[in-house]
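Coordinates in review
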Amino acid sequence: MIEGKGLGGKKVNRVNVSLSNKQDSKLRRLATACNMKPTTLAGILIEKGLNDAELVSELQREYCTQAAYRVIVVNNNGELNYVLTGREDFR
């Protein structure tokens, strides 16, 4: 499928997320408080997290095991893009 063609702004990529009972309960309660479905809220949380440069850096510091796959967050006219470093010595 050609990206952006004939989609009408609809989301086309599905992600299956497994949550612990405790995290699911938190998500459902927050979704109820925000008057939205849990899946909608989960999507918003993922979008906000991926567009937060500080959170992306923090996650990489904590979980990144292969330096060659670290991403650099680049601000391109207000939109964050990820660029792979491709270098083992980058930190």
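To keep things clear, this report deals only with the structure shown in the data block. (Residues numbered from 1 in each chain as written. Predicted model: local features only at pLDDT ≥ 70, side-chain atom pairs only at ≥ 80, totals over all residues. Heavy atoms only, no water.)

Concerning the layout of surface pockets
Taken as a whole, the largest pocket holds about 990 Å³ of empty space. Taken together, 25 residues form the lining of the largest pocket, with Val17, Thr39, Ala42, Gly43 and Ile46 sitting closest to its centre. Looking at the lining of the largest pocket, the element that brings in the most residues is helix H2 (residues 38–50), giving 10 residues. Per-class residue counts for the lining of the largest pocket are 12 nonpolar, 7 polar and 6 charged. (1 Å grid on protein atoms, 1.4 Å probe; cavity = no way out; pocket = protein on both sides within 12 Å on 5 of 7 lines; lining within 4 Å. Points joined across faces, edges and corners; volume = space filled by probe spheres on them. Helix = DSSP H or I, 4+ residues; strand = E, 2+ residues; numbered from the N terminus. Nonpolar A, V, L, I, M, F, W, Y, C, P; charged D, E, K, R; others polar.)

As for a nonpolar patch on the surface
Residues Val15, Val17, Leu19, Ile46, Leu50 and Tyr82 make up a contiguous nonpolar surface patch of about 550 Å² in total accessible area. Among the secondary structure elements, Ile46 is positioned in helix H2. (Patch = residues over 30% accessible without salt bridge, like charges linked within 9 Å, V, L, I, M, F, W, Y side chains within 5 Å. Areas by Shrake-Rupley, 256 points an atom, 1.4 Å probe, with all protein chains shown as cover. Salt bridge = Lys/Arg side-chain N within 4 Å of Asp/Glu carboxyl O.)

Everything listed here is a matter of geometry and, on its own, says nothing about what the molecule does.
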